[in-house]
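Observations on the model geometry
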Amino acid sequence: MSRETDVSQGRPTIQELTEDECWQLLAAKTVGRLAVSIKNKPDIFPVNYRVDNRTVVIKTAPGLKLAASTLGGAVAFEADDIDEAARTAVSVVIRGTATEIERLDELLDAEDLTVEPWAGGSKNRYVRIEPDHVTGRRIPHR
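Small disclaimer: the values here were computed from a predicted structure and weren't measured. (Residues numbered from 1 in each chain as written. Predicted model: local features only at pLDDT ≥ 70, side-chain atom pairs only at ≥ 80, totals over all residues. Heavy atoms only, no water.)

1. Brief notes about the pairing of strand β6 (residues 56-60)
The cut-off we apply is this: We call a residue buried when its accessible area falls under 20% of the maximum for its residue type, exposed when it is over 50%, and partly exposed in between, using a 1.4 Å probe and counting protein chains only. Numbering goes from the N terminus for both helices and strands, where a helix is a DSSP run of H or I of at least four residues and a strand is a run of E of at least two. A pair of strands is treated as paired once DSSP finds two or more bridges between them.
Counting buried positions along β6 yields 5 of 5 residues, so the element is predominantly enclosed. Of the two faces of β6, the one lined by V56, I58 and T60 and the one lined by V57 and K59 are each fully buried. Across 3 bridges, strand β5 (residues 41-51) lies against β6 in antiparallel orientation. Residue R50 lies in a different strand from β6, and its bridge partner there is V57.

2. Comments concerning helix α2 (residues 64-71)
Listed as buried for α2 are K65, L66, A68 and S69. In the segment just after α2, G73 is the residue with positive phi, at about 85°.

3. Brief notes about the side chain of N48
Applicable threshold: Contacts are assigned to residue pairs that have any heavy atoms within 4.5 Å of one another.
Take N48: it is sitting in strand β5. When neighbours within four sequence positions are excluded, N48 is seen to be in contact with T30, V31, V57, I58, K59, V115, E116, P117 and W118.

4. Quick word on the pairing of β5
Strand direction decides the pairing type here: strand β4 (residues 31-38) and β5, joined by 8 bridges, are antiparallel. Of the residues in β5, the one forming a bridge with L34 is F45. In textbook terms, the turn of a hairpin is the stretch between consecutive antiparallel strands, and for β4 and β5 this stretch comprises 2 residues, one of which, K39, has a positive phi near 50°. Between β5 and the antiparallel strand that follows it, β6, lie 4 residues; N53 among them carries a positive phi value of about 50°.

It is worth stressing that arrangement in space is one thing and function is another; only the former is reported here.
Set out below in structure tokens:
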């Protein structure tokens with residue numbers, strides 16, 4: 001991957017990531033954001049997750065986030081790695097569909113992923129995001 005610089009501003013240009021690089025970043029992180037549409041209004045939820053065979057698995061509680069993600073059709077998911085001091089960043093966005101994991105064998109596999117929500121409360125439901133489109137971008141160090 002080449003580093004290109006915007007000559008007029010002296011800033012590095014954004015670099016596109018390969019799909020493999022996107023999945024590597026996602027696998028290295030455990031916190032992302034789930035974007036859904038609720039009555040045609042966007043909403044975003046911070047979530048803990050794990051990557052499983054090029055899908056994203058989220059552990060959640062019954063409620064608005066679960067219903068909106070699995071009943072609303074398309075979702076987006078984003079995870080990033082930002083260093084504000086160095087002014088570098090990497091961001092991955094997945095667009096796809098979310099379904100609740102309900103089959104026993106898939107639930108047991110999801111449990112083995114050890115998704116650990118930071119927030120308390122009973123979180124015993126799993127959602128799997130199947131990607132239709134995966135993109136990633138990097139802003140390298142100058």
